[in-house]
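Structural features, examined
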Amino acid sequence: MKNKLDRKSDAQQLNRRRFLQHSAAAGALTFASKQEASSAQPGAPSNMPPTRFMQMQKDSGALDLSPAKWIWYPSRRCLQNTFVLFRKEIDFAFVPRIAVGWVLADSRYELLVNRKRICFGPAPCDPRWLEADPIDITAALRPGKNVIAAKVLFYGQGDGTSPLGKPGFIFSLRTNTEEEGSQIIASESTWLAHLARAWRPGHYKRWYLRALQEEFDARLYPYGWDQPDFSPNEDWLPAMELDCPADRPAVCSSYPEYMLEMQGDRNECRLRPRSVPMMREYDIQAEKLTESCWIDWKRTPEEYFECLPPDSFDVDRTPCAEAVQEGEWRVLLDGRRGAVLTFELAEQVVGWPYFTIDAPVGAVVEMLVHEAHEPGGPALINSHFHSWTRFICRQGENQFAPFDFESMRWIQLHIHGASGEARIRRVGVRRRIYPWLNQPQIQCGDASLQRLFDASVNTLNNCAQETLVDGMARERQQYSGDCGHQLHALYFTFGETRQPARYLKTFSQGMTKDGYFLDCWPAYDRLARLMERQLNLTKWGPILDHGVGFNFDCYYHYLYTGDLTALNEPYPRLLRFAEYLQSIINDEGLLPVENLGIPSVWIDHNAYRLPRHKQCAFNLYAAAMFTHALAPICRAYHDEKLSDHYANLGAKLLNAVNRKFWDASRGLYINNLPWIQEEKSMRLCDRSLATAVCFDQCPGGNINAAVRALAECPPEMGLSYPANAGWRLWALGKAGRADVIVSDLRSRWATMDSVTLNNTLQEDWTAPKDSGSQWSHCPVAPLYVLYMNLAGIRPLEPGFTRCEIRPQLADLGDLKLAAQTVRGPIQFQAAGKLGDREISISLPEEIQGELALPKNETIDLQAINSKRNTALQYYKLPAGFTKIRVRYV
């Protein structure tokens, strides 16, 4: 029987749920019309019925934070990398039962309540459709005086996570107490703003895709500003309200943007609620101090970090750090040399590195981070896109961490600029990862493959966060194409659908007026490339093949989830992109890959010797897109004429490819067939052959030569880099060559240095340490191939209402996994060896399953007719648990 406290707790939870249901998204301020917003008063309760709010959310997804105001520091110009501190004191006679709301800044914020960190945001967004973050600060409030504090950074320069914008901060909180009812606390001119000179406004950019090169002077920081007992001085001014509606992003304000002179269109731009959960954060400690040394400077450290002049210092390998106790080190600074301490983590992670130091006032610490370092190698690990932050110590204890997050396995402290003792402790990282719905369930009897699958999962933790990026240590921007393949792993491994749905929306927003996608949107990269391409200053234009891949991303999302609403925003943009592709088809009936003007065709780094060799692969890819992705999407929207049109267009494109690149005598697509006499040798690529096998494009179904080339990798065949290597494995899986897949995973993938050292997957097949190489990229092919080709699980109808399971385990012994679907997990387990194997499958009730096996294997299940693959026999899988013995006939 429950006691009184239990019953009271249950009642409080029920009230809390009801209140949350009556509030927006995570229980924050309601959506409101313009008329309602104008009549709302600060502190007044909202009267919008929950049913009306839910309908408005469903209809538009727009968010109105009225009566809150966009605010900024009183000014008429804001330099790049400017930090502003905002604070608001509030008194509560009674602690609110619930305090929920929204917060948003352009460009980034950290929200604190009574000095407690609440969250960091927002997620990378298109500046026209910023997403506000839902907050719940109930647990941080107390009776009496409270302080809501926000540390806000305006980038002012393009970043891999922020294309552009205008400065601004907006906050809205609704509280509810039994005694006082509901009230709204909103940002407006009674908030205080402080121009934080601990970070120098206008500080220079780190590199092309990182806006902030952070330098923080603790001597100038108003410590305690985020606590109730702080007394603001004359440097704290009433915040300036911006001329920007509370349902529009800051780019729509009239605040002058002196760098680009831009102005958002209020008819187009809208605020939106965040569509994925807030990130999960937790602390991990550095594994050890790996090495320490002294730096004798020939040039000043400031000049070195600014300009990297050669021969700037000599290295003395004598250890500079002495262990005082576990986790604490002492350094005796001499005022002349720099002390270098290099720490390593157990694996590569993404988050905020931190350390605590007691040092003389004015001591300077550059904290450098790196993905891969060789102990005894470079004394300073400043070889990775200028990944350092500078801190200047105040007297006494300093707890330092950068404002923005990093990706690293190595943390290095370079301490200089003072004489006396310095003590260093608590070195670690506050890691950030996505709050997955399900944890991975993979058990493999092969230890090297288990380690590979674990590294793939950790790689996803690093690259699949609020956006789906290539690598967090370099670009932090999302792509389709090679990077879009990680979506398959998200569906199967975690059962995650919210993150992919957000990806479809945000990527599609980067559509140009000409009809192609800014293929790493929302990020600065392709905006800069537009002007560079106009002057022929770069080969990197917006990548058309990533737009092709995005069509597949949209189709696969529908196939995995059955959710067509996630495609509502991208769908018209897919059609516009298709029109663009049609407009550039040449007289041969093919899409060109050269002389395209602003856009470009990439396909891959490694597989092609000449740009024209990409035409075969690109056109096979586009033909498959029209027929197997866009046409089915049109059909799902009941646009039958468009579906037929694009299916026919795909067939015409394929015929044109066959005329130019198919060699019937060899049974192969040859990349340079039209120029083979000129070039004196034949060139193949894994991408063309794999695409043709995967989508049944070889004339007459003649795939034998293509499969043989994909299995044997002859020297004339170019091979893709890891993020695109999944194409070859997919094709081999379709052709029944799991033996090659398993061998490839063992020999090429599991032996990667990043797998064994960082528990991640690297960008290229070789990755030097102490370089710009990406050691945690996004080539998670081992993970999605495990589900799609080895366990052989794939949906046949949208929403996984019907699926195929075609196990191909080659010489693998024990394997156990759970493939997550929107209808529940498919449990798969196999034991034994090829020719005599026991397989157990547990299928959710709502899924109609079909088991596909080679005809030389026999089982005791009901056979069914299917023409999908005539080399296989299909069997009906009953719902629930099934155990079968698979033997050779």
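In this text, all values refer to a predicted model and were calculated from it rather than measured experimentally. (Residues numbered from 1 in each chain as written. Predicted model: local features only at pLDDT ≥ 70, side-chain atom pairs only at ≥ 80, totals over all residues. Heavy atoms only, no water.)

A few points about the sheet that holds strand β10 (residues 192-195)
One open sheet accounts for six strands, arranged β5-β4-β7-β2-β10-β12; its pairing is antiparallel. Here the strands that pair on one side only, and so sit at the sheet edges, are β5 (116-121) and β12 (236-238). Averaged over all pairs of adjacent strands, the angle between their axes in this sheet comes to 25°, without regard to strand direction. Bridge count for strand β4 (residues 108-113) against β5 is five bridges, and the pairing is antiparallel. Among the inter-strand pairings, V113 is bridged to a residue of β5, identified as K116. (Pairing = 2+ DSSP bridges. Helix = DSSP H or I, 4+ residues; strand = E, 2+ residues; numbered from the N terminus. Axes fitted to C-alpha atoms, helices over the stretch in contact; angles between N-to-C directions.)

With respect to the sheet that holds strand β36 (residues 848-854)
Either a parallel or an antiparallel arrangement is found when strands of a sheet pair, and the pairing is made through backbone hydrogen bonds. The mixed open sheet is built from five strands, whose spatial order is β31-β32-β36-β39-β38. Strands at the two margins of the open sheet, each flanked by one partner only, are β31 (793-795) and β38 (863-864). Pairing between β36 and strand β39 (residues 872-877): six bridges, direction antiparallel. Looking at the pairing, L853 lines up with Q873 of β39.

Points about the state of the cysteines
Counting across every chain of the model gives zero disulfides. Left unpaired, C803 is separated from the closest cysteine sulfur, that of C694, by 19 Å. With relative accessibility at 0%, the residue C803 sits in the buried group. (Disulfide = S-S within 2.5 Å. Buried < 20%, exposed > 50% of the residue type's maximum accessible area, 1.4 Å probe, protein only.)

Some thoughts on the side chain of D159
Topologically, D159 is positioned in the loop between β7 (144-154) and β8 (168-177). Looking at D159, the relative accessible area reads 0%, which means it is buried. Reaching out from D159, the side chain makes a polar contact with the backbone nitrogen of A211 at a distance of 2.8 Å. Here D159 is in contact with L209, R210, A211, R476, A523 and Y524, once residues within four sequence places are set aside. (Polar contact = N/O pair within 3.5 Å; in protein donor to acceptor, adjacent residues only side chain to side chain. Contact = heavy atoms within 4.5 Å.)

Here we look at the packing of helix α5 (residues 447-463) against helix α17 (residues 738-749)
In the contact formed by α5 and α17, the axes pass within 10 Å of each other and the chain directions differ by 75°. Between α5 and α17, the interaxial angle falls into the category roughly perpendicular. Of the residues in α17, those touching α5 at S448, L449 and L452 are V742, L745, R746 and W749. Of the residues that constitute the contact of α5 with α17, the class distribution is five nonpolar, one polar and one charged. (Parallel < 35°, antiparallel > 145°, perpendicular 65-115°, else oblique. Nonpolar A, V, L, I, M, F, W, Y, C, P; charged D, E, K, R; others polar.)

So, helix α10 (residues 570-583)
The terminal C-alpha atoms of α10, which comprises 14 residues, lie 20 Å apart, in line with the 20 Å expected from a rise of 1.5 Å per residue. Every buried residue belonging to α10 is among P570, Y571, R573, L574, L575, F577, A578, Y580 and L581, and all of these are buried. Residues of α10 that are buried in the fold lie against α7 (498-508), α9 (544-561), α11 (615-636) and α12 (640-661). (Expected span 1.5 Å × (residues − 1).)

Remarks on the nonpolar core
Residues L341, I357, Y669, I805, L817, I826 and F828 are the most contacted members of the largest nonpolar core, which totals 213 residues. Residue contributions to this core peak at 15 residues, all from α11. The residues contacting F828, other than those within four sequence positions of it, are A791, I805, P807, L809, L815, K816, L817, I839, S840 and I841. Residues I71, W72, C78 and L130 belong to the second largest nonpolar core, which totals 52 residues. (Core = buried A, V, L, I, M, F, W, Y, C linked by side-chain atoms within 4.5 Å.)

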